[in-house]
Amino acid sequence: MKKIDRRNFIKGSLAGGLTAAATGKAKNASAAGGTFGGYPDSMGVLVDLTKCIGCRTCEAACNKEQGLPEPDRPFDDYSVFDEHRHGGLPRRTTEGAYTVVNKYEVEGREHPLFRKFQCNHCNEPACLTSCFVNAYTKTPEGAVIYNPKVCVGCRTCMIACPFYVPAYSYSSPINPVVKKCIMCYDTRLQFGRPPACVEACPQGVMTFGKRKDLIDLAHETIENKPDKYVDHVYGEKEVGGTSWMYISDVPFEEIGFDTHLGPDPILNYVKDFLAIVPMVLCIWPALFTGFHLLATRKNANKDDSNKA
Amino acid sequence: MSLKKGKTIGLAAIIAIAAPLSLPFTVSGEVFELNSLSSLYEGVSFDHDMHIEATEDNCTVCHHHTAGTPPEEPDCVRCHRNSGEADSPKCSDCHVAEPFSAANLDRQYNTPNLYHTAKPGLKAVYHLNCLGCHQETGGPTGCQDCHTMTDKGEKFYNTGHYAPKEKPGGQSSGHH
């Protein structure tokens, strides 16, 4: 029987490890060098927060379009703005409401500011990349949709989402799944029509169009009234860009927007680490089995020779 | 193909939902009935004379450049300094009732050198114009201060006859 040559074994394993490391590194480099950046002709919505009057018509429209359950309170009941969750946080999306409007009292502003909250439909969605059953899809039209039949209800996307958007059907004990705004993809967006909330809005708060045109429009709007608007298009750059973007007359951090998210898609923060995982899984077992064999072989041989 | 079909269905749906597309103004004396869009709410009785008085005959407060008064917005003046009086000063002549119809969206995307790319629809400009001014001047600002909700509206907003049963406190009220 051919004996394992210790020197050759170490040489071989080291060479293998280095090759794997090199390919891994090359992959990282190419991935980090070019981010996806979104589909070129994807649609989007530009929200002008200065125009919203908090009438909640968008909430009602969403409810009807998506066939959501009857609300706890009528949609023309404005006392909901005083509702707060634990920690004084404003209302958020739930399994029964894919969009909510919140009120912000801003010092020095004559009227309160109302802000509609729903999925922002990221160009590179963290929910999508975090989903291990691939339930999510970013469509070329711009919507981030999901397949509830595939969803196993693990709620990883709820943690991954930088905007805390996905909600969970806690009311369903048998098959709880994640629930969120799909930009009315099924009934409208895929036919070139805007989401129901956009069309229902009596104030024309939301402009529907190609995302790249909306970015131009947003900057033009700010340029035309620099005294009115804050020079920031929220969603143009945040987390790699989002399909829903916002302009405002109040600094975004004062009205519940996270302005510390940075321009990198959430995926970029974990990509380097995740690239190592397959390498570890392939090489480590072989490597350590080898070490184990080397360490125990001697004793095994010794035992054999003693017996002989 | 399917996109085109979808657009057609969408347009049909919008037309079906929208109110009769007759003349937007039914002139009766100097009080206009703004009811071309009424669906969730009844139309609005608009006292034109009263508003002429309130704005001290300055048409441009509401009508941009279309009523012959020169525009005051610096952004409009750039092009419309000498535009003069329009053939019709009606809001609905420029601001369409269905801004999201396939035809209008198509026009917006495919008209080269279109300046007013995001022109708001008729419903939006009524609200922006009226409500914007009312907020500043102390005019009525609640939804039902100007138009009463229809049965269809009550259904849509889950209010009135269609209010959620178990949880009280759902009286509809006007809003700022």
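Owing to the predicted nature of the structure, the values given are computational and were not obtained by experimental measurement.

Caption draft 1: Representation of the layout of surface pockets within the structure. Residues and elements named next belong to chain A. The volume enclosed by the second largest pocket comes to roughly 680 Å³. Lining of the second largest pocket is provided by 27 residues; of these, Asp72, Arg91, Thr94, Gly96 and Ala97 occupy positions nearest its centre. Taken together, the residues that form the lining of the second largest pocket break down as eleven nonpolar, four polar and twelve charged.

Caption draft 2: Structural context of the side chain of A:Arg115. All names here are of chain A. As for its placement among the helices and strands, Arg115 is situated in strand β3 (residues 113–117). Notably, Arg115 is buried but unbridged: the nearest opposite-charge side chain belongs to Asp258, and the N-O separation is 9.9 Å. Of the polar contacts made by the side chain of Arg115, one reaches the backbone oxygen of Gly256; its length is 3.1 Å.

Caption draft 3: Structural view of the interface of chain A and chain B. Listed by partner, the interface residues are 43 residues for chain A and 40 residues for chain B. Taken together, both faces of the contact between chain A and chain B bury some 3,200 Å²; the carbon and sulfur share is 60%. For the pair chain A and chain B, the number of links is one salt bridge. Put simply, chain A and chain B have nine residue pairs in polar contact (both at pLDDT 80 or more) between them. Counting only elements with at least two residues in the side of chain A that touches chain B, the list comes to α2 (57–65), α5 (196–200), β8 (206–210) and α6 (211–224) of chain A.

Caption draft 4: Examining a negative patch on the surface more closely. On the surface, a cluster of negative charge is made up of B:Glu30, B:Asp47, B:Asp49, B:Glu53, B:Glu56 and B:Asp57. Structurally, B:Asp49 can be placed in helix α2 (residues 48–54).

Caption draft 5: The arrangement of the side chain of A:Gln118 in detail. Residues and elements named next belong to chain A. Inspection of the secondary structure assignment puts Gln118 in the loop between β3 and α3 (126–130). At 2.8 Å, the side chain of Gln118 forms a polar contact with the side chain of Lys116. Only 2.9 Å separates the side chain of Gln118 from the side chain of Tyr246, close enough to count as a polar contact. With residues up to four places along the chain from it excluded, the contact list for Gln118 reads Thr93, Tyr98, Thr99, Val165, Cys181, Trp244 and Tyr246.

Caption draft 6: A look at the packing of aromatic side chains. Enumeration over the complete set of coordinates arrives at 13 aromatic pairs over all chains. Seen in terms of ring centroids, A:Tyr234 and A:Phe252 are 5.4 Å apart; in terms of plane orientation they differ by 40°. Their pairing is tilted. Here A:Phe252 lies in the loop between β9 (244–247) and α7 (268–307) and A:Tyr234 lies in the loop between α6 and β9, a separation of 18 residues in the sequence. According to the relative accessible area criterion, A:Tyr234 is buried, its value standing at 2%. For A:Phe252, a relative accessible area of 1% corresponds to the buried category. Feature note: the residues A:Tyr234, A:Tyr246, A:Phe252 and A:Phe257 constitute an aromatic cluster, connected by ring pairs. When the ring centre of B:Phe156 is taken as reference, the NZ or CZ atom of A:Lys64 above it lies at 5.9 Å. The ring of A:Phe257 carries A:Arg115 above its face, with NZ or CZ at 3.8 Å from the centroid.

Analysis parameters
Residues numbered from 1 in each chain as written. Chains lettered and ligands numbered in written order. Predicted model: local features only at pLDDT ≥ 70, side-chain atom pairs only at ≥ 80, totals over all residues. Heavy atoms only, no water. 1 Å grid on protein atoms, 1.4 Å probe; cavity = no way out; pocket = protein on both sides within 12 Å on 5 of 7 lines; lining within 4 Å. Points joined across faces, edges and corners; volume = space filled by probe spheres on them. Nonpolar A, V, L, I, M, F, W, Y, C, P; charged D, E, K, R; others polar. Helix = DSSP H or I, 4+ residues; strand = E, 2+ residues; numbered from the N terminus. Buried < 20%, exposed > 50% of the residue type's maximum accessible area, 1.4 Å probe, protein only. Lys, Arg positive; Asp, Glu negative; His and termini not counted. Salt bridge = Lys/Arg side-chain N within 4 Å of Asp/Glu carboxyl O. Polar contact = N/O pair within 3.5 Å; in protein donor to acceptor, adjacent residues only side chain to side chain. Contact = heavy atoms within 4.5 Å. Buried area = accessible area lost by both parts, 1.4 Å probe. Patch = residues over 30% accessible without salt bridge, like charges linked within 9 Å, V, L, I, M, F, W, Y side chains within 5 Å. Areas by Shrake-Rupley, 256 points an atom, 1.4 Å probe, with all protein chains shown as cover. Charge placed at Lys NZ, Arg CZ, Asp CG, Glu CD. Phe/Tyr/Trp six-rings, centres within 6.5 Å; stacked < 30°, edge-to-face > 60°. Lys NZ or Arg CZ within 6 Å of the ring centre and 35° of its normal.

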